[in-house]
Amino acid sequence: MQRVAGLSVLKGSHLVYMPRIRRLVCRAGLAVGLACVCVVGSAAAAASDHHRPVRIAVDLPYAPMESKTPGGALEGFDIALGAALCRIADVECQWVVQAWEGIVAGLMARKYDLILSAMAITPERVKRFRIVGPYVTLDSAWFVPGDGGLSQIAPETLAGQSIGVQRGTMHDRYVTDTYAGIADIKRYRSIMDMQVDLNAGRLAAVFITRVVGQTMFNDGVRCYRTIAPSYPVSQGMGMAFRSSDEALAKRFEAALAEFKASTAYQSLVARWLSSSS
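A short tour of the structure in this document, coming up. Note that the structure is a prediction, hence the values are computed from the model and not measured.

## Some words on the side chain of S67
With respect to the element layout, S67 can be found in strand β4 (residues 67–68). Once residues within four sequence positions are removed from consideration, S67 is found in contact with L60, P61, A73, L74 and E75.

Structure follows, in structure tokens:
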């Protein structure tokens with residue numbers, strides 16, 4: 001046993017009695033030592049996170065925002081935007097395909113680092129996440145069969161009719177708030193599922209992002225007309241980060257500001273979203 005600065009120090013495996021005050025001091029020193037170990041461990045974990053790719057969640061298909069080519073490659077406005085932001089931010093990125101109904105849960109479970117998938121900015125999402133954007137603003141519209149008799153969207157024209165929305169979206173909330181108890185609201189997991197019932201005549205109308213309906217619905221076996229809602233419903237799209245990931249969010253925020261100020265951003269809008277005008 002050694003004595004250092006008046007403290008009894010254990011050497012080898014010998015158990016040495018120490019007065020209570022000295023034991024407390026020793027325990028305090030042990031706690032400091034453990035804290036140092038934890039700090040070093042956390043730093044190592046942070047360094048590991050810094051070097052791994054940034055994982056970006058996307059829900060498919062939602063053309064022209066995100067979809068797959070016949071060869072299986074990802075394409076669309078969000079995909080091209082994400083690639084540009086990752087390049088400007090100087091980070092390696094990976095895309096993670098995730099169904100919309102589980103996309104928020106996956107972010108909170110750290111399956112990926114952010115959501116870049118035509119997510120509308122809402123007050124609830126601003127409170128829950130760190131939102132970067134808007135990176136684009138899109139209008140919404142009703143889509144009805146071209147050969148149908150529905151020419152106006154109103155409570156009296158939708159009474160008793162079946163109408164469709166994608167579950168858990170801003171459109172779902174708008175239609176529920178406006179037409180619950182008036183129309184029969186059908187909620188779908190994906191745009192493709194909704195399109196199946198629309199093509200089969202089981203829906204009188206659906207409410208979605210205008211450019212998405214123009215791209216996806218009129219590429220099918222039937223032609224559809226658009227009808228504007230009773231008042232404009234626009235969506236500012238944003239990227240969602242966990243609230244704790246401030247540094248990563250700020251990095252992408254700076255990249256977005258730089259990219260939106262460039263002609264490349266305008267070219268991206270013209271290429272993918274020109275049909276929304």
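## Things to note about the packing of aromatic side chains
One pair of aromatic rings is described through two measures. These are the centre distance and the angle between the planes. Inspection of every chain in the model, using the stated rule, returns 8 aromatic pairs. For the pair F143 and F217, a centre-to-centre distance of 5.6 Å together with 85° between the ring planes defines the contact as edge-to-face. Taken as a pair, F143 in strand β8 (residues 130–145) and F217 in the loop between α8 (210–216) and β12 (224–227) lie far apart in primary sequence, 74 residues in all. Here F143 and F217 have matching classes, each one buried. Following the ring pairs from residue to residue traces out a cluster consisting of W142, Y174, Y179 and F207.

## Looking at unusual backbone geometry
That bond from L60 to P61 is cis: its omega, -15°, falls within 30 degrees of zero. Note on placement: P61 falls in the loop between β3 (54–58) and β4. Here the residue pair A63 and P64 is connected by a cis peptide bond, since its omega of 5° sits within 30 degrees of zero. The residue P64 is located in the loop between β3 and β4 in this model. In this structure, D90 is a non-glycine residue whose phi angle is positive, near 60°. If you trace the backbone, D90 turns up in the loop between α2 (77–89) and β6 (93–97). D90 sits in the exposed class, given a relative accessible area of 63%.

The rules behind each value
Residues numbered from 1 in each chain as written. Predicted model: local features only at pLDDT ≥ 70, side-chain atom pairs only at ≥ 80, totals over all residues. Heavy atoms only, no water. Helix = DSSP H or I, 4+ residues; strand = E, 2+ residues; numbered from the N terminus. Contact = heavy atoms within 4.5 Å. Phe/Tyr/Trp six-rings, centres within 6.5 Å; stacked < 30°, edge-to-face > 60°. Buried < 20%, exposed > 50% of the residue type's maximum accessible area, 1.4 Å probe, protein only.

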